[in-house]
Structures are given as structure tokens and as C-alpha cells.
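# Examination of the molecular architecture
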Amino acid sequence: MAVPYVVRRAVALGALGCFALFAAPGRAGAQQVTGTVTGKVTDQQTGEALAGARVSALGILTVTVTRNDGTYRIVLPAGSHDLRISAIGFSTGRATVAVTAGGTATQNFALVRAAVALEEVSVTGSRRTERSAIDQPVPVDVLTQEEIRQTGRTETAQILQALAPSFNFPRASIGDGTDHVRPATLRGLGADQVLVLVNGKRRHTSALINVNGTVGRGQGMVDLNAIPATAIERIEILRDGAAAQYGSDAIAGVINIILKSNATNELSSTLGQTAKGDGGVTNVDGTYSVHWGDNGFLQLAAEYRDRGYTNRSLPDGRVQYFTGDPKNSDPKLVSQINHRQGDAATKDAVGFVNLGKQLGSKSELYGFAGWGRRAGNAAGFWRRANDDRTVRALYPNGFLPFIYSTIYDGSAVAGVRGDASGWNYDLSAGFGRNSFRFDVKNSANVSLGAASPTQFYAGTLVTGQLTGNLDVSKGFKVGLAAPLNVAVGAEIRSDKYEIKEGEPDSYRNGGVPILDGPNAGKVASIGAQVFPGFRPSDAVNKNRSNLAGYIDLETNVTNALVLGAAGRAEHYSDFGSTTNYKVSGRYEPTKGIAFRGAYSTGFRAPSLGQSWFSSTATNFVNGVPNENRTFPVSDPVAKALGATELQAEKSKNTSFGIAFYPAKGLTITADYYKITIKNRIVLSGTFNDPSVVAFLAAQGFAGVGGARFFTNAIDTRTAGVDIVAGYGLALGTSATARFTLGYNNNKNTVQNVQPTPGVLVNFGSVLFDRVERARIEKGQPRNNFNLAGVLTYQAWTFNAGTHRYGEVTSYGTLTDGSLDQTFSAKYITDASASYTYNKKLTLMIGADNIFDTYPDKNSLGNANTAGNSNFGIFPYNGISPFGFNGRFAYMRVNWRY
């Protein structure tokens, strides 16, 4: 039997990896030559010792932090090293230190106050040695550990939204699984068009595909909240197309989460709740660092969070019971709050471990792993007692069904990197898995009658990812101002997607008709209410593999001019091959001002979920049940309606900007970008017109009452501007002030819609309707603005910031536009104050949305239409980019030990 192409390449890459893994450390093992650097880090102005400062050597994995007396000790290979010392509120310290075998070198540092976040170093966006964010040829934001801590937020995705103006994290409600894993976007693009890395390695995605009417419909994403904030050293956000450098998904940019290493041991607890008295949060987290001999570390981080649900729904004034039932006039049962619109309740336990150890003078072992269990419950729509979906023998007064989620997330990466014959190499392998289990409770399968269970296992979604990477680089002297850095590498990846069917009662037709009421005897609704289980016909187990290779070149042509170029080719086993490239440059004609720009092509491979997701829901039309299904594009029903195999999205990204630092402590960057995407993948509308149903029946597909599928339906254009500024200054010898400003303006335009397949045109159907167009063009803020300031005075820290979220628009389902609604821009202001006792114990109090701001209210419904407010029950819309919880007050205790 012939060995498949991808398998042959995997074997070849594995053999190469084994050679590098054993040969390179073996060589290094013969040269166990290390030395020690010790010293003390102090405040230049006061001479006080600085505890918790981060000590690292350029290009070396091992880092350490200063003790309470400001001293440090780090073991390094023999040779010359560039040491860097970074501490929040201070400029970065640098020094070149010569390390001799078995010797001890001393290097002290006196740091200058008033560091600005934009001066932080980053490793994302360039394969040369790490550089400051303002020296990059493309825009990179660096969110520091201290900024993360000062937000007061506990969820990683919410932290990103608070700090990065180009990041959006809408808080969907009553969106099935989307209530539990919410989509996050960058620059107004899709949730699946931003690549997430952890320590520079590709992160696996969530198993969930958003198929409901929310921002991110039809898209998957990485579950950022599966990464505990307490494990994060910093977050680097590359705001530029980077598919040619990092591969699929990096159309909007890259988020690289850098984990802590050798960090200060900490325990922290946060308590908070909203001004309405709900949404209570109890968060406990901690980090613990263990020395692994003299030249290694083991960093542990864990987090537990219990977040209560919020509810902003209003009383339900509709008639709840059948005509003539005296309960309709019972004051205890009339106009009750029976819905739940707001955040889902969650209980999360997540942890990460990060480790590293030098194997000799020229190589080091590294690895990291994470595990988490996230459980939540979210409500559906209330089923009234007079609803045919209610089994009145079980729920005489109606019922509110719940979706309970159990999300398991695990990942592990291990690798070795170092120097072999003058080449820097990095060989790694990683695995990630995410599962999303659906359980439905307080529900019923009406077709089972009074014998129906009230809770059901509805099925599980699973994704898996296995990757192998080999990266090598070397600088070559070619007569320019700096060596030409040549980086080449290969990646092999295997992806898995699985749908596991639910228990039979969650989806089967029990054959029992509606038992009472005016429709007694008619066919009953099938499957568990709120979320019918996945059927055996929905179950899939699919895999695909891809092989990629890249080359990346970068150099200083002159001291003022940096040029870079990258190319990448990938082959996927399911849709074919793609090749992409990127060119970039930075020119600094004089000290204090630099111009930068880039042009790249990119791609995003259709996810396995988009290719193979399948589900069934039963809707009633004139009392007749119709099965509306989401079909894979390969299904005969989808093909009969004109579906074609999914292709990769193709993008072109143009950016140019300026980095301006006119005075000490002041940095300003401004960047323009334009991103065009062809063959963008969306989820079609549901085709359930009677003529479509009749057509399918004539084709031999009886019983299908409606169908939808994924399709490369649209071409889009996104253009915008990002402005980021930072300023830091010293106020005497005991205080500093730091200010940051961020502004994002972007416009999304659907430039072209693929023609609706002819068979659907004949029935008056539309492949991509006005509602979905508005979701892409107007569903996210066109402009965001944030301004934040931090004042430190001795042991006190005061933090305040305001974030302006631009207007958003939602289109209703009525084509006359009567349900279209625009929600105005709003300012959300946060503030906190903290005091640190003896440099160990910190007490913080604060509030997010301190002025208790809410979005505009939904338009009201009337006796004949639900409106946007579901007959006045839902005052707010889930499209709001900042949610609708109102003020959230909290207190936090942190102990460093």
C-alpha cells in the first residue's frame, strides 16, 4: 500500500527532529561550560532596592527576578551576554557582561524612573533578536504584567478588551454555546482571522462554532479564557497581516501570550459584584516558582473563578396560560421576571506550567502545559404554560430551560533550542485539545409526553491539534550595516474535529402528540427544548494534515533602513496548497522619528468545524414540524442547493505608519491599514421556503424543512487607522505618572457577494442577506478610544481610564427596515486604588464602569411583534461591545512571598 504524501513528509520531519534533538544537546553536553552573574538592582533616584525586577539575557531562555533586597543571581553559558533588566515604572536597563567558565561576574543596575509601555521589548513580528516595540517595522502593542493586574478584570479576554482599542469582545446573551465561549476580534475582522500564540507557538482553537445571531456568526475562535491571567508575563499584539510568517489565521494579526518564568511567588484573591447585586465574582489565583538546579526553572500558575449570572430582563407581560384559565389573573403569576438576559454563570479552574533548563553552553530545554475545566450555565427563552413546547404535566406554570456546558481544555508543548555550528535552532512539538459538552436541564422532549426526562446529554464537540516545528536561523555578513538574518523552518500539523451524538431522548421523536390545549393531538416538538441533541446523522470524526515551509530575511541595509521579506508555502490534505509572502521596512532618517510599512498576502484555511459541522433543530410552520439542518458542504442536500467545497480565504494587507518619540518618555505611533479578503467564509441563511422544501422532497430528501451551509460568499475590505501614544514622567523622587492613549478607526465593507446558486434564485432565496451584511459592516464599533493614567506615590498606586466604544447597528429580520436599530457610542470609565505594605501585601479597591453606564435600550415590541426587545422583556441588545451589566465593584488582596 502506498504511503500518503503527508505521512512521508511527517516521517522525514520527525527523523530530522530526532537528529536535532539528540545530536545538538549531545554536542552541548560535551561542553558543560557555564558561569554566574550576580548583582543588585536599585532605583537611581532614591537608591532603594527594586524587588521583582525581571533579569534576562538576550537569546537565552532562563530568566530570574530580583529578591526583596534587589539582588539577583543568574547562571549563563560562558561567553559575552547582553543583560536586560525590566521593572514596571522604570526604563529598561542594559549591559554587556563577560561570563567565564566556572566564574562569577558582578553587574549592578540603577534604573531610571518613567518607563513607557511602548518601550517594552517584543519577540513577535520579527525573527531577529527581540527588540523594543517602537523599533519594529510593523505595529506591535506590548501589554505588561502590571497593566494586566491594574485593570481589575479577571478574564483574559476582558483584560485584552480593556487595554487594546483594536480588540473587541462583545458579550452575547441567549446564544447557546456562544454564552460560554464568546468570540473576540481584532481590527473589526472575524474571530477566526486572528492567530493566537503562546510563547510563540500556535494555540489550538475551541471546539465551538458560533452558529447563532451574534458577532462572529459562523466562526470558531481560540478560547482565551482558558489561559489564566495570573500565568501571563506580557501580551504582544501584532497588528499586521502575518500569514507569511506564522501561517493560517493571521489575517488581522497575531496575539502572542508570553508566560511568566521565574516570577515572584504570589497569592491573590478578588471579590466583586455588580451594582444590581448580581454577577458576583470570587477569584483566587497564584503563582509559584521552583528552581530547577542552578540553571533551570519551573513556573506554576493556577486560577479558580466562580462568576454568578447577571439578569437584566424585565417582567413578561404576555398572557401565560390558555384562555379562560384563572391563573391569567393571579397577581402572583402575572408579569413575572421569567427570562434571564445577561452573562452566563461560570465556574472555571485553569492552570499552566512553564519550564526551562539549560542543557549546556549551547542548548536549552523548554516546555509549557495547561489544563482547565470550565463549567457554565446559560438560559434559553422562557416557555409559557400555553406554549405547545411545554409539557404541562411537568411544568404547569411554564419553564426556563438551561444549557449547561462543560469545557475541558488541555495543551502541552516541549522543545529544545540552541546553537549548532553557528545556526540557532528551535525544535518543538505540541498538542492541544478542547472539548465542549452540552447538557440541557430543566427541559423536556415534548414528543415523549409526560414520560420525558427533564435533563439530557445533548452531545460533545471536540477539536484536537498536533504540531511539529523546526526553525533555524543565522546571521550572514553581506557588507551591509548589519548581518543578513536568514530564518527558515518547517511545520507539520494534524487537526481533528469530532461531533459526538447525544443520548437518544435528546433528539428522538417519541411519537406522543401535543397532549392538551387548542392544538391537542397535533404533532409535538421533537428533541430537548432549547438545544436538541446531536443526532447520529450529525456525528462526524474528521482529520486533516498540512505541511508548511517558510523563509524569512531581515537586515539593516544602513543604520537608518531596515528591510525584511518572508515567504511561506503550505499544503493541506483537504483543500490544496497556498503560497504567501510579506515585505516590510522601517526608515529612521533622524533620531526621534521613523517611518514603517508592510505589504503582505495571507490566507485562512477553512476550519474543520466549518467544513463538517452538522446540527438539526425542529421548527413549526403552521403547526407542522420542520427539521432545519445545518449541512456540511459535502452533504447531498447542500450540494443540491448549490453548495461547493470550501476554499481558503485570501487576503492582501497594506500598512504604513510613523513612530515618533520627540521627547524623553513620550512615544507616539500612527498606522494606516487596508485589508482585502476574497472568498470569506460565512454561514448562509436558512432556506425553508415551502418551494425549497418541495424541491428537496422531489430530489429524494423528504423531511427536510430547511437547510443552511457554510460558503465562500463574500469579498470584504477593511480600512482603518491605529494611534497609540504613551508618556511617562517622574514627579520628584517618590512618584511617577504614566499615561497611555489608544485610538482605532476602521470601516468594514462587503465589496462583493457571490451570486446565489441558481436553484435558490428560482425560489426567491438569498445566499447572504442584509442582516448578515450589517453584522459584518456595522456590528462592531467603527471607532474605539481609550485613555488611561497611572500615578504611583511611594506605596500607593492610583489607576483611572476611560474607554469610548463607538456606535453599532443591528438589522432586524423585516426587510422594510422597521426593526433596524443603531446604538450610540458610550464612555465606560474604570478606576482603582491600591496600597502595598512592606513590598509584599497589596490591597486594591476599584470599580469597572464606575458611572454605571448602559447601552441604548432595544426598541419595544407590541401586541403583534416582538420588536428587538422580545415584547419588551429584553431591554438591551447582545450586540453591545461592553455588555449591559452596569457598574462592577471589587476588592483584591495580593501577597508576594
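Right above here is the structure, for reference.
Model, not experiment: these values are computed from the prediction. (Residues numbered from 1 in each chain as written. Predicted model: local features only at pLDDT ≥ 70, side-chain atom pairs only at ≥ 80, totals over all residues. Heavy atoms only, no water.)

### Looking at the overall build of the protein
When helices and strands are tallied, the protein shows 9 helices and 44 strands. Computed over C-alpha atoms, the radius of gyration of the protein comes to 29 Å, within 12% of the 29 Å expected from 2.2 N^0.38 for 897 residues, which places it in the range of a compact globule. With the principal axes as the frame, the protein shows a C-alpha extent of 90 × 65 × 45 Å. Every one of the 897 residues in the protein was classed for burial, and the buried ones make up 58%. With an accessible surface of roughly 33800 Å², the protein has 57% of that area assigned to carbon and sulfur atoms. Taking the 87 positively charged and 70 negatively charged side chains of the protein as two groups, their mean positions are separated by 3 Å. (Helix = DSSP H or I, 4+ residues; strand = E, 2+ residues; numbered from the N terminus. Rg over C-alpha atoms; globule rule 2.2 N^0.38 Å. Buried < 20%, exposed > 50% of the residue type's maximum accessible area, 1.4 Å probe, protein only. Areas by Shrake-Rupley, 256 points an atom, 1.4 Å probe, with all protein chains shown as cover. Lys, Arg positive; Asp, Glu negative; His and termini not counted. Charge placed at Lys NZ, Arg CZ, Asp CG, Glu CD.)

### Examining the packing of aromatic side chains
Per the counting criterion, the structure on display carries 22 aromatic pairs. Considering the side-chain rings of Trp423 and Phe476, the 5.7 Å spacing of their centres and the 70 degrees angle between planes classify their relative orientation as edge-to-face. You can see Trp423 sitting in strand β24 (residues 423–441) and its partner Phe476 sitting in strand β25 (residues 455–476), a full 53 residues away along the chain. The interplanar angle of 20 degrees and the centroid separation of 5.2 Å between the aromatic rings of Tyr854 and Tyr876 together place this pair among those described as stacked. Residue Tyr854 is located in the loop between β43 (841–848) and β44 (888–896), and its partner Tyr876 is located in the loop between β43 and β44; the two are separated by 22 residues in the primary sequence. There is no split in this pair, since Tyr854 and Tyr876 are both buried. Members of the aromatic cluster, joined through ring pairs, are Phe436, Phe438, Phe531, Phe534 and Phe613. The ring centre of Tyr673 lies 3.6 Å from the NZ or CZ of Arg187, which sits over that ring. Cation over ring: Lys441 sits above Tyr404, and NZ or CZ is 4.4 Å from the ring centre. (Phe/Tyr/Trp six-rings, centres within 6.5 Å; stacked < 30°, edge-to-face > 60°. Lys NZ or Arg CZ within 6 Å of the ring centre and 35° of its normal.)

### Some words on the sheet that holds strand β16 (residues 232–238)
Taken in spatial order, the 5 strands line up as β11-β16-β17-β14-β15 in an open sheet, and their pairing is mixed. The two strands at the open ends of the sheet, each matched to only one other strand, are β11 (140–144) and β15 (201–202). Judged from the 6 bridges that link them, β16 and strand β17 (residues 253–259) form a sheet pairing that is antiparallel. Opposite Arg234, over in β17, you have Ile258 as the bridge partner. Contacts from helix α3 (residues 156–163) reach β11, β16 and β17, with the element oriented near 55 degrees to β16. (Pairing = 2+ DSSP bridges. Contact = heavy atoms within 4.5 Å. Axes fitted to C-alpha atoms, helices over the stretch in contact; angles between N-to-C directions.)

### Here we look at the sheet that holds strand β2 (residues 54–57)
Spatial strand order, β3-β2-β5-β6: 4 strands in an open sheet with antiparallel pairing. Sheet topology places β3 (63–65) and β6 (93–99) at the edges, where each strand pairs with a single neighbour. Neighbour-to-neighbour, the strand axes of this sheet turn through a mean angle of 25 degrees, independent of strand direction. Bridge analysis of β2 against β3 gives 3 bridges, and the strand direction is antiparallel. Counterpart to Arg54 in the pairing with β3 is Val65.

### Focus: unusual backbone geometry
The phi dihedral of Asn679 falls on the positive side, at around 60 degrees, and the residue is not glycine. Of the residues examined, Asn679 reaches a relative accessible area of 26% and is grouped as partly exposed. Look at Asn870: it is not a glycine, yet its phi comes out positive at around 55 degrees. Following the sequence through the fold, Asn870 ends up in the loop between β43 and β44.

### A short note on α3
Taken across its 8 residues, α3 has 6 buried, putting it largely inside the fold. Residues of α3 that are buried include every one of Thr156, Ala157, Gln158, Ile159, Leu160 and Gln161, and no others.

### Here's the deal with the pattern of salt bridges
All chains considered together, the criterion is met by 47 salt bridges. Ionic pairing is found between Asp316 and Arg318, a salt bridge with its closest N-O pair at 2.8 Å. Here Asp316 falls in the buried class, since its relative accessible area comes to 1%. Where Arg374 meets Asp348, a salt bridge forms, and the shortest distance between an N and an O atom there is 3.4 Å. Residue Arg374 is located in strand β22 (residues 363–379), and its partner Asp348 is located in strand β21 (residues 345–358); the two are separated by 26 residues in the primary sequence. (Salt bridge = Lys/Arg side-chain N within 4 Å of Asp/Glu carboxyl O.)

### Section: the pairing of strand β4 (residues 71–77)
For β4, the tally of buried residues reaches 6 of 7 residues, placing the bulk of the element in the interior. Of the strand pairs in this sheet, strand β1 (residues 34–43) and β4 are connected by 7 bridges, and their pairing is antiparallel. When the bridges of β4 are listed, Thr34 appears paired with Pro77.

### Brief notes about the pairing of strand β39 (residues 796–805)
When a strand is regular, its side chains alternate between the sheet's two faces. Of the two faces of β39, the one lined by Thr797, Asn799, Gly801, His803 and Tyr805 is fully buried and the one lined by Trp796, Phe798, Ala800, Thr802 and Arg804 carries no buried residue. Inspection of the sheet shows strand β38 (residues 783–793) paired to β39 by 10 bridges, in the antiparallel sense. From the neighbouring strand, Leu787 faces β39, where its bridge partner is Thr802. A loop of 2 residues connects β38 with β39, the two strands running antiparallel in sequence, and Gln794 in this loop sits at a positive phi of about 50 degrees. Of the pairings in the sheet, the one linking β39 to strand β42 (residues 826–837) comprises 10 bridges and is antiparallel in character. Across the sheet, the residue bridging to Thr797 is Ser834, located in β42.

### Things to note about the environment of Gly370
Turning to its location among the elements, Gly370 is positioned in strand β22. For Gly370, a relative accessible area of 11% gives the class buried. Residues Gly370 and Ala302, 68 residues apart in the sequence, show an inter-C-alpha distance of 9.5 Å. Those residues within four positions of Gly370 in sequence are excluded, and the remaining contacts are Gly351, Phe352, Asp409, Gly410 and Ser411.

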